[in-house]
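A look at the structure
Now for the letters of each chain:
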Amino acid sequence: DCGCLEAFGQGERLLQDPDCVEELEDRLHFYVEECDYLQGFQVLCDLHNGFAGVGAKVTELLHDEYSGKGILTWGLTPAMSNAGVSKAWGKTEPGPGAVPQLSSDGWISPPQDSQKNFYRLLNTALGIAHLSSHSSLFCPLSLSGSLGLR
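This write-up is about the structure you can find in this document. (Residues numbered from 1 in each chain as written. Predicted model: local features only at pLDDT ≥ 70, side-chain atom pairs only at ≥ 80, totals over all residues. Heavy atoms only, no water.)

1. Considering the packing of aromatic side chains
- Tallying each qualifying case throughout the model produces 2 aromatic pairs.
- With 5.3 Å between their ring centres and 75 degrees between their planes, phenylalanine 30 and tyrosine 31 make a pair best called edge-to-face.
- Since its relative accessible area comes to 46%, phenylalanine 30 is described here as partly exposed.
- Relative to tyrosine 66, the ring of phenylalanine 41 has its centre 5.2 Å away and its plane inclined at 55 degrees; by these criteria the two rings are tilted. Here the residue phenylalanine 41 occupies a position in strand E1 (residues 40-46), and tyrosine 66 occupies one in the loop between helix H3 (51-65) and strand E2 (70-76), the gap between them amounting to 25 residues.
- Judged by its relative accessible area of 14%, tyrosine 66 falls in the buried class. (Phe/Tyr/Trp six-rings, centres within 6.5 Å; stacked < 30°, edge-to-face > 60°. Buried < 20%, exposed > 50% of the residue type's maximum accessible area, 1.4 Å probe, protein only. Helix = DSSP H or I, 4+ residues; strand = E, 2+ residues; numbered from the N terminus.)

Here it is as structure tokens:
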């Protein structure tokens with residue numbers, strides 16, 4: 001286990017720790033007290049990994065504690081490319097017994113990519129649903145037209 005936030009639930013679980021939530025609230029209250037006229041919050045959050053879960057919990061906290069303030073949330077997704085993966089495995093070496101998978105655009109990718117793509121899809125869907133429910137305005141941002149999904 002690398003300690004990475006790969007799944008939406010891992011990010012949510014991170015902010016269920018009372019010490020982490022207390023630290024977040026202390027820092028948030030410090031900045032809020034420094035404002036002369038707080039109008040709202042802007043939240044930038046990755047959608048394709050576990051940070052979508054962190055962002056969902058943060059926007060939920062902001063929505064609960066500052067219900068009269070606007071929350072503008074930007075959901076960020078990476079631009080995916082087929083660089084390094086060719087029509088015949090490219091530079092990627094498959095493991096023993098690995099079966100190549102043909103994608104809809106004709107590219108062959110190693111089998112572990114399908115699991116990563118599934119996590120990206122699930123994280124993005126959960127992130128959009130949760131972030132938009134606690135935000136005044138939710139805007140997904142991507143350099144590709146596919147929200148970072150293949």
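That covers the picture; the talk isn't over yet.
2. A word on the nonpolar core
- Ranked by size, the top nonpolar core spans 19 residues in total, and within it Leu28, Val32, Phe41, Leu62, Tyr66 and Leu131 carry the most contacts.
- Breaking this core down by element, the ones donating at least two residues are helix H2 (18-34), E1 and H3.
- No other element matches the 6 residues that H3 contributes to this core.
- With residues up to four places along the chain from it excluded, the contact list for valine 32 reads Leu38, Phe41 and Tyr66. (Core = buried A, V, L, I, M, F, W, Y, C linked by side-chain atoms within 4.5 Å. Contact = heavy atoms within 4.5 Å.)

3. Considerations on a nonpolar patch on the surface
- A cluster of nonpolar side chains, namely Phe118, Tyr119, Leu122 and Leu126, defines an oily patch on the protein surface of about 350 Å² accessible area.
- Among the secondary structure elements, tyrosine 119 is positioned in helix H4 (residues 111-133). (Patch = residues over 30% accessible without salt bridge, like charges linked within 9 Å, V, L, I, M, F, W, Y side chains within 5 Å. Areas by Shrake-Rupley, 256 points an atom, 1.4 Å probe, with all protein chains shown as cover. Salt bridge = Lys/Arg side-chain N within 4 Å of Asp/Glu carboxyl O.)

4. A few points about the layout of surface pockets
- Of the pockets and cavities examined, the second largest pocket occupies roughly 220 Å³.
- Glu6, Gln115, Lys116, Tyr119 and Arg120 are the residues nearest the centre of the second largest pocket, which is lined by 10 residues in total.
- The residue inventory of the lining of the second largest pocket, partitioned by class, reads 2 nonpolar, 5 polar and 3 charged. (1 Å grid on protein atoms, 1.4 Å probe; cavity = no way out; pocket = protein on both sides within 12 Å on 5 of 7 lines; lining within 4 Å. Points joined across faces, edges and corners; volume = space filled by probe spheres on them. Nonpolar A, V, L, I, M, F, W, Y, C, P; charged D, E, K, R; others polar.)

5. Regarding the packing of H2 against H3
- Taken N-terminus to C-terminus, the directions of H2 and H3 make an angle of 55 degrees; their axes are 12 Å apart at the nearest point. The orientation of H2 relative to H3 falls into the category oblique. The handedness of the crossing between H2 and H3 is right-handed. Touching Leu24, Glu25, Leu28 and His29 of H2 are Val58, Leu61, Leu62 and Glu65, all from H3.
- Along the lines of polarity and charge, the residues of the contact of H2 with H3 split into 5 nonpolar, 1 polar and 2 charged. (Axes fitted to C-alpha atoms, helices over the stretch in contact; angles between N-to-C directions. Parallel < 35°, antiparallel > 145°, perpendicular 65-115°, else oblique. Left-handed = near helix turned anticlockwise from the far one by under 90°.)

6. Things to note about the sheet that holds E1
- Strand order across the open sheet formed by 3 strands is E1-E2-E5, with parallel pairing between neighbours. For this open sheet the edge positions go to E1 and strand E5 (137-141), each flanked by a neighbour on one side alone. Geometrically, the sheet is characterised by an average inter-axis angle of 15 degrees between neighbouring strands, direction not taken into account.
- Across 7 bridges, E1 lies against E2 in parallel orientation. Residue pairing in the sheet places glycine 40 in a bridge with glycine 70 of E2.
- In this fold H3 packs onto E1 and E2, with an angle of close to 165 degrees to the strand it touches most, E1. (Pairing = 2+ DSSP bridges.)

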